[in-house]
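# Structural overview for review
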Amino acid sequence: MSCQYNLLFLFLCGFAALSVSTETCGKDLLEGTFCIIKLTTRNNEKPSEIRWVHDTRGIVFRRKGGTIKEQSEGLSMEEDGSLRFLSVSLNDTGTYIFNAYNAAGTELGKGEVEIKVYEKAPKPAVKFSCTKDGKATLTCVIGERKDLTLSWYKEDKMIQNKKNPQVFLSSTQVQENKPYSCEAHNPVSKGKSESVTVSCKVEMKAVGDEVSFQLDKIVPPSVTNITWKHINSGRTVKAIEWEEGEIQTPITRFKGITTLDTETGQITIAKLTVEHSGVYTVDINGKEQAQRFTLTVMERVPKPEIITVKTDNPDVVYLRCEYSETIIWKNSAGETLKGSTITPKGESINVTKGGNPEIFYTCTLQNAASEETSERVYVRDLFKASNKGCVVAAVIPSLTMMIIISLFLS
């Protein structure tokens, strides 16, 4: 029984080999293909001499009188003079010219065939980066390949088909949370990436804050290496790395403040400085993941002080907040007040005497990462000095009059 199976196996292999041997080379070929360029002669007469010439490499095969005179590696010749490629390579691309003659030297046939050999299209990877305003750039990573056309898909619908490896998303498109993928293809093969859902959350932190970045997927037990990298101004460094049970932070600005959860892959950085701003990526077992995290660290705004400025009108006082950051004026009722711009920086509001003396005003400074509010300034304190002035002004004339009367009576 086993002998019968062996015979069947050999028969099938022979049949497969026969099928391959009769395949004619098309114009576009995948690297490694077995095929034949057919030779045709007048009246199918068997030639005595056959010569195959490549347009750049010269003679690649020549047979005369049944004897092989010249033969390039990877080529053989059929009985009828057809040229066989044992496995086409990129160097085989070009035009092949053949000439066939009979024993008397009469030409029986000539012609040319062009072939182009392509490397197999790889499976690409999608990477993305985000801007501060929530826009994203997706890049189809295919290495140095220049022969590929790239197609971009949003869900299963093609949105772009050209050699440009990038596609740009508006903040609105990013917020749709749709999966994107890219496909690399040439005339004979194609490879498609895994789908990636773009997330462009930009972390805004103040100096001294703490930040954590969590992966979408839990790190499997088979992981032996996790490397978080920091990219800033085109320079990439390792922020923290776990390998073979050991955690290292090779860069000074991350030492002593950076921790890594080896079960979840989460990185945490404390005591942030402006130098920690940038993009963070993570490699798991040497493979860069699609997720990217953008961090912007800003100087913390100072606690503002309100400056009081008197006017010629004793019933009006200006409150000034002289800072470059965003300024928010509020009163004790929680209402936001519109300030007037002052030079060289800041805003002011005016307060009029009257009403409830317990009303107060505050100035708040704000940037994208922090805010601070001034001490309260009460109306009762703004006009307290001016009231004293009025009392003093009234007392002085009275004293003067009393002195004059005393002198007159004496």
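Below is a summary of the structure that appears in this document. Everything numeric here is computed off the predicted structure, so don't read it as measured data.

### Some words on the overall build of the protein chain
When you go through the protein chain residue by residue, the secondary structure sums to four helices and 35 strands. Split by element, the accessible area of the protein chain, about 24300 Å² in all, is 52% carbon and sulfur.

### Quick look at the state of the cysteines
By the definition in use, this model includes three disulfides. Across a sulfur-sulfur distance of 2.0 Å, Cys25 and Cys35 are joined as a disulfide pair. With the S-S bond torsion at 90 degrees, the cross-link from Cys25 to Cys35 turns out right-handed. Here Cys25, found in the loop between helix H1 (2–21) and strand E1 (28–30), pairs with Cys35, found in strand E2 (residues 35–37); they are 10 residues apart in sequence, far enough to count as distant. Residue Cys25 shares its accessibility class with Cys35, and that shared class is buried. Paired by a disulfide, Cys140 and Cys182 hold their sulfur atoms 2.0 Å apart. Every disulfide takes its handedness from the sign of the S-S torsion; for Cys140 and Cys182 that torsion is 75 degrees, giving right-handed. Taken together, the positions of Cys140 in strand E11 (residues 136–141) and Cys182 in strand E15 (residues 179–186) put the pair 42 residues apart, joining distant regions of the chain. For the residue pair Cys140 and Cys182, the accessibility class agrees, reading buried in each case.

### Re the pairing of strand E28 (residues 316–321)
Judged from the four bridges that link them, strand E27 (residues 307–310) and E28 form a sheet pairing that is antiparallel. The partner of Val309 across the bridge, within E28, is Tyr318. Between E27 and E28, which pair antiparallel one after the other, the connecting turn spans five residues. In this structure, E28 lies alongside strand E32 (residues 347–352), joined through six bridges in antiparallel fashion. Paired with Arg320 across the bridge in E32 is Ser348.

### Overview of the packing of aromatic side chains
In this structure the tally under the stated criterion is eight aromatic pairs. The interplanar angle of 50 degrees and the centroid separation of 5.0 Å between the aromatic rings of Trp52 and Phe98 together place this pair among those described as tilted. In this pair, Trp52 is assigned in strand E3 (residues 49–54) and Phe98 in strand E8 (residues 94–101), connecting sequence segments 46 residues apart. We classify Trp52 as buried; its relative accessible area is 0%. Ring pairs connect the aromatic residues Phe213, Trp228, Phe254, Tyr280 and Phe293, which therefore count as one cluster. The ring of Tyr153 has Lys192 lying over it, and the distance from NZ or CZ to the ring centre is 4.0 Å.

### What to know about the layout of surface pockets
Considering only enclosed or pocket space, the largest pocket measures out at about 720 Å³ in volume. What lines the largest pocket is a set of 24 residues, among which Val196, Lys217, Glu288, Gln289 and Ala290 lie closest to the centre. No other element matches the five residues that strand E26 (residues 287–298) contributes to the lining of the largest pocket.

### Overview of the pairing of E11
Pairing between strand E10 (residues 125–130) and E11: six bridges, direction antiparallel. Pairing of Ala125 across the sheet is with Val141, part of E11. Linkage of E10 to E11, two consecutive antiparallel strands, is achieved through a turn of five residues, within which Gly134 is found at a positive phi near 90 degrees. With four bridges joining them, E11 and strand E14 (residues 166–169) adopt antiparallel strand pairing. Within E14, the residue paired with Thr137 across the bridge is Phe168.

### Comments concerning the nonpolar core
Judged by nonpolar contacts, the single largest core of 23 residues is most densely connected at Phe213, Ile226, Trp228, Ile269 and Tyr280. Of all the elements in the fold, those that place two or more residues in this core are strand E19 (211–213), strand E20 (225–232), strand E21 (235–243), strand E24 (267–269), strand E25 (278–284) and E26. It is E21 that provides the largest number of residues to this core, a total of four residues. If sequence neighbours within four positions are ignored, Phe213 has contacts with Glu203, Trp228, Gly265, Gln266, Ile267, Tyr280, Phe293 and Leu295.

### Considering the sheet that holds E24
Ordered by their spatial adjacency, three strands build an open sheet running E19-E24-E23, and the pairing between neighbours is antiparallel. Sheet topology places E19 and strand E23 (258–260) at the edges, where each strand pairs with a single neighbour. Taken over all neighbouring pairs, the strand axes of this sheet differ in orientation by 15 degrees on average, direction set aside. Pairing of E19 with E24 involves three bridges; the strand directions are antiparallel. By the bridge assignment, Val211 is partnered in E24 with Ile269.

### Some thoughts on the environment of Ala206
With respect to the secondary-structure elements, Ala206 resides in strand E18 (residues 202–206). Measuring from C-alpha to C-alpha, the distance between Ala206 and Val301 comes to 8.6 Å, with 95 residues separating the pair along the chain.

### Quick look at the sheet that holds E32
Taking strand neighbours across the sheet as the criterion, the four strands line up as E27-E28-E32-E31 in an open arrangement whose pairing is antiparallel. In this open sheet, the two strands that pair with only one neighbour each are E27 and strand E31 (340–341). Pairing analysis gives two bridges linking E31 to E32, with the strands arranged antiparallel. Looking across to E32, one finds that Thr341 is bridged to Glu347.

What counts and what doesn't
- Residues numbered from 1 in each chain as written.
- Predicted model: local features only at pLDDT ≥ 70, side-chain atom pairs only at ≥ 80, totals over all residues.
- Heavy atoms only, no water.
- Helix = DSSP H or I, 4+ residues; strand = E, 2+ residues; numbered from the N terminus.
- Areas by Shrake-Rupley, 256 points an atom, 1.4 Å probe, with all protein chains shown as cover.
- Disulfide = S-S within 2.5 Å.
- Buried < 20%, exposed > 50% of the residue type's maximum accessible area, 1.4 Å probe, protein only.
- Pairing = 2+ DSSP bridges.
- Phe/Tyr/Trp six-rings, centres within 6.5 Å; stacked < 30°, edge-to-face > 60°.
- Lys NZ or Arg CZ within 6 Å of the ring centre and 35° of its normal.
- 1 Å grid on protein atoms, 1.4 Å probe; cavity = no way out; pocket = protein on both sides within 12 Å on 5 of 7 lines; lining within 4 Å.
- Points joined across faces, edges and corners; volume = space filled by probe spheres on them.
- Core = buried A, V, L, I, M, F, W, Y, C linked by side-chain atoms within 4.5 Å.
- Contact = heavy atoms within 4.5 Å.
- Axes fitted to C-alpha atoms, helices over the stretch in contact; angles between N-to-C directions.

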